[in-house]
Amino acid sequence: HFSDLHFNAVNEEDKSNPTIMALYEGRDFNKGNTYNTPVIEKSLEFGKLFDRTVITGDILDFYSFGCMDMLKSVITDKYDVLMTLGNHETAEIMPSINGGYKEKYTYEAKYDNLSKNFWPNDVYLHSEIISDKGGNEKVMLLLLDNSLNKYWFSEEQYGELENYIKTAREKQIPLLIFQHIPISTNWGDEKGNDLVEPYDVI
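Because the structure is a prediction, the values reported are computed rather than measured.

(A) Summary view of the overall build of the protein chain. Looking only at helices and strands, the protein chain has five helices and five strands in total. Moving toward the C terminus, one meets the helices and strands of the protein chain in the order α-α-β-α-β-α-β-β-α-β. Residues counted as buried form 45% of the 202 residues belonging to the protein chain. The contacts of the protein chain with a sequence gap of at least 6 include a subset with a gap of at least 24, amounting to 73%. With the model as given, the accessible surface of the protein chain reaches about 11600 Å², and the carbon-plus-sulfur share is 52%.

Here is the structure:
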């Protein structure tokens, strides 16, 4: 399991989108991808030793076709992985960078494009069971998109999520849940103070 790859790139198709170009010009984080790409490739090779590799979001630094090209060429064209969305995959605007530009694409269009053309599994909710060499079911993996709602999930996810949890309990196998944004447990110290600062309380 690893996370937050933040591919930062644009291609010719992106150059006609002033919103993305303003973001690309204003954001230096990981520009050039010289540090993260070799580390990602080593991690993916290491992942071949295991049953599954899961990447939990912010694979793209922002919603550009250049970033999506990198996703394909570095990861999905070469490796069998599972991925969740992060909060960056659909970002066209970041505060203080875009200078008044408006997003070109709706969230629905972004999700549709990523789902159909770039993501190896369902972007909203994906489940699979890993078995050992003897065919014995050992663990259920559950990948959830909580990138837009922070702590909470969409109404569409609840019924399926409930069914997957029920199935894992019936089979008496562990359930590993993967998502990008952590859920605050509200576990605290002796005085009841939360030991983990919540990311964003809604």
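There is more to say, and it comes next.
(B) Highlighting the nonpolar core. Counting residues in hydrophobic clusters, the biggest one holds 33 residues, and the most contacted among them are Ile59 and Ile75. Counting residues per element, the ones that place at least two in this core are helix 1 (18–26), helix 2 (36–47), helix 3 (65–76) and helix 4 (107–117). The leading source of residues in this core is helix 3, at seven residues. Residue contacts for Ile75: discarding those within four places in its chain leaves Leu5, Phe7, Ile40, Leu44, Ile55, Ile59, Met70 and Val81. Counting residues in hydrophobic clusters, the runner-up holds seven residues, among them Ile130, Leu141, Leu143 and Phe178.

(C) Layout of the environment of Gly26. Looking at the element boundaries, Gly26 is found in helix 1. Distance from Gly26 to Ile97, taken between C-alpha atoms, is 5.6 Å for residues 71 residues apart in sequence.

(D) Here's a closer look at a nonpolar patch on the surface. A cluster of nonpolar side chains, Phe46, Leu49 and Phe50, forms an exposed patch at the surface whose accessible area comes to about 380 Å². Mapped onto the elements, Phe46 comes out in helix 2.

(E) Inspection of unusual backbone geometry at higher detail. Positive phi is not limited to glycine here, since Asp4 has a value of about 55°. Tracing the chain through its elements places Asp4 in the segment before helix 1.

(F) Examining the pattern of salt bridges more closely. A complete count under the given rule lists 11 salt bridges for this structure. The salt bridge partner of Arg52 is Asp80, with a shortest N-O separation of 3.1 Å. One end of the pair, Arg52, is in the loop between helix 2 and strand 1 (54–56); the other, Asp80, is in the loop between helix 3 and strand 2 (82–84), with 28 residues separating them in the sequence. For Arg52, a relative accessible area of 22% puts it in the partly exposed group. We classify Asp80 as exposed; its relative accessible area is 60%. The salt bridge involving Lys110 is made with Glu103; its shortest N-O contact spans 2.9 Å. On the accessibility criterion, Lys110 (0% relative accessible area) is buried. Salt bridges sharing partners connect three or more residues here, namely Arg52, Asp80 and Glu128.

(G) Highlighting the sheet that holds strand 4 (residues 137–144). Sheet architecture is open: three strands sit in the order 3-4-5, paired in mixed fashion. Where the open sheet ends on each side, the last strands, each with one partner, are strand 3 (125–131) and strand 5 (175–178). Strand-to-strand, the axes of this sheet are offset by a mean angle of 20°, without reference to chain direction. When strand 4 meets strand 5, the two strands line up parallel, connected through four bridges. The residue of strand 5 that forms the bridge with Leu142 is Ile177.

About the criteria used
Residues numbered from 1 in each chain as written. Predicted model: local features only at pLDDT ≥ 70, side-chain atom pairs only at ≥ 80, totals over all residues. Heavy atoms only, no water. Helix = DSSP H or I, 4+ residues; strand = E, 2+ residues; numbered from the N terminus. Buried < 20%, exposed > 50% of the residue type's maximum accessible area, 1.4 Å probe, protein only. Contact = heavy atoms within 4.5 Å. Areas by Shrake-Rupley, 256 points an atom, 1.4 Å probe, with all protein chains shown as cover. Core = buried A, V, L, I, M, F, W, Y, C linked by side-chain atoms within 4.5 Å. Patch = residues over 30% accessible without salt bridge, like charges linked within 9 Å, V, L, I, M, F, W, Y side chains within 5 Å. Salt bridge = Lys/Arg side-chain N within 4 Å of Asp/Glu carboxyl O. Pairing = 2+ DSSP bridges. Axes fitted to C-alpha atoms, helices over the stretch in contact; angles between N-to-C directions.

It is worth stressing that arrangement in space is one thing and function is another; only the former is reported here.
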